[in-house]
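Okay, here's what each chain looks like letter by letter:
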Amino acid sequence: MKKVYLLFLGMVMFNASCSKDDNSIVNTDTPDPVGTADVTVQNFMWKAMNLFSTDAAYTEFLESEKDPELFFENKLRFSEDRFSFLAEDYKELVQSFAGVSKSNGLEFGLSFYGEGNDIFGYVRYIIPGSDASSKAIQRGDVFTGVNGISLNEVNYIELLFGTADSYILNMADISNNTITPNNKEVSLTKLEGLVENPVFITKTFDVSGKKIGYIMYNGFTSNFDEELNNAFGTLKTAGVTDLVLDFRYNPGGSVNSSRLLSSMVYSTNTSQLYVRQRWNSKIQPQLRASQLEDYFADKTGDGNAINTLNLRKVYVLATGSSASASELVMNGLDPYVEVVHIGTTTRGKNEFSITLVDNPSNSYIYSASTANNIKSTNAWGIQPLVGRNENSAG
């Protein structure tokens, strides 16, 4: 399995993208390196992320770090950047944004327990149709080990996120704030091409004479925008007067999907500004207002009418695992709608990123229509933060 390097560490692992599909201004005039060392990946990374040309010292700079991962980490990434990352295979990166991955279907969180650095995992939900969906494991279950090895701060990444396609979870019980291994085991295997529909649950409840709508949405995946619109259509037909959006396990994704969802909540008035992009001082002056501003939508990407509830108040369940586009919905709606946040402090990511690949002819920006032009000798991709999103109030 190809490696994906997330350039931040935490007890909750998630896809840190809040991606834009727009083209941007990226320089292609930097000269090719003149040395003999193979710095193909480093050369792509630098050209994709910088706007100015250099002289022969450019080659020396590229050769200063032989490992592409360390080059990105030590030479390119700003030290306070928590979210930019790179992937050894851009195809896996692009597939992940489409909700397709190699996975066993177990979605879980991790936490410390006891007085040392021991870690336990807890099941959040299980993806339908996955290997985990056929095993004796469900939401709320707890595990403390993998393959008979107790999880801790040092080994959990390799045991749970390493290259092994299969592993055995050592389960445990939790009672009276005490975690106790129970000798149960669950064997899980990662399968290629697992597709996750992020529109996980759609329900209505009758409470005190009101029709309450509930949607558990686990990722802003543009491939499922129609499913999301259909879910809102179900709520609209049911006569929903109040709405709960469950973003507890939603790490973000497509900015446009967040715009569509917000339109489904609030309005299809396309003259009202949803969010505005804020790039750095080099890029911002080169972009027109039409490239920077996103307005509420009245149609999906397939041309179907948005099923809007026209609400003036929305309840959002969000925690530290809620990031990026999840936060963007809350912030983008705030000038127009009373957003009631129930939960804990969210991740704190108001930046957006773009996918860059070794395709100079398209300014290094990934596009499915130009994928054939990506250099066959370099499959690396990078997902750098390139700007911030601000709402209509700035």
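**Topic: the environment of Ala132**
Right, on to step 1. Relative to the assigned elements, Ala132 resides in the loop between β6 (119-126) and β7 (142-146).
Right, on to step 2. Expressed as a C-alpha distance, the spacing of Ala132 and Leu188, which sit 56 residues apart in the sequence, is 6.3 Å.
Right, on to step 3. Once residues lying within four places of it in the same chain are set aside, the contact partners of Ala132 are Asn104, Gly105, Leu106, Ile126, Ile137 and Leu188.

**Things to note about the nonpolar core**
Nonpolar side chains in soluble globular proteins tend to be buried together.
Right, on to step 1. Counting residues in each nonpolar core, the largest one holds 39 residues, and the members touching the most others are Phe232, Leu243, Leu245 and Leu261.
Right, on to step 2. Among the elements of the structure, β13 (210-217), α6 (225-237), β14 (242-246), α7 (255-265), β16 (273-279), β18 (313-318) and α9 (325-333) are those that each provide at least two residues to this core.
Right, on to step 3. Excluding its chain neighbours within four sequence positions, the residues that come into contact with Leu245 are Ile215, Phe232, Leu261, Val265, Val314, Tyr315, Val316 and Leu317.
Right, on to step 4. Formed by 19 residues, the second largest nonpolar core is a distinct cluster that contains Leu106, Phe143, Met171 and Val186.

**Notes on the environment of Leu151**
Right, on to step 1. Within the secondary structure, Leu151 sits in the loop between β8 (149-150) and α5 (156-161).
Right, on to step 2. As a C-alpha pair, Leu151 and Phe120 span 31 residues in sequence and 6.7 Å in three-dimensional space.
Right, on to step 3. The contact partners of Leu151, leaving out residues within four places of it in the chain, are Asp118, Ile119, Phe143, Thr144, Gly145, Val146, Tyr156, Leu159 and Leu160.

**Notes on unusual backbone geometry**
Right, on to step 1. We note that Asn147 has phi near 55 degrees; this positive angle belongs to a residue other than glycine.
Right, on to step 2. Relative to the helices and strands, Asn147 is located in the loop between β7 and β8.

**What about the confidence of the model for the protein?**
Right, on to step 1. Taken over all residues, the pLDDT of the protein has a mean of 90, while the share at 70 or more is 90%.
Right, on to step 2. Note on residues 22-28: pLDDT is under 50 here. Beyond four places in sequence and across chains, it has 26 contacts.

**Some words on the pairing of β6**
Right, on to step 1. Burial runs high along β6: seven of the eight residues are buried.
Right, on to step 2. Hairpin remark: strand β5 (residues 106-112) followed by β6, antiparallel, with six residues in the connecting loop; positive phi at Gly114, about 75 degrees.
Right, on to step 3. In the sheet, β6 pairs with β7 via two bridges, with the strands oriented antiparallel. Within β7, the position partnered with Tyr122 by the bridge is Val142.

Conventions used here
Residues numbered from 1 in each chain as written. Predicted model: local features only at pLDDT ≥ 70, side-chain atom pairs only at ≥ 80, totals over all residues. Heavy atoms only, no water. Helix = DSSP H or I, 4+ residues; strand = E, 2+ residues; numbered from the N terminus. Contact = heavy atoms within 4.5 Å. Core = buried A, V, L, I, M, F, W, Y, C linked by side-chain atoms within 4.5 Å. Buried < 20%, exposed > 50% of the residue type's maximum accessible area, 1.4 Å probe, protein only. pLDDT = per-residue confidence, 0-100. Pairing = 2+ DSSP bridges.

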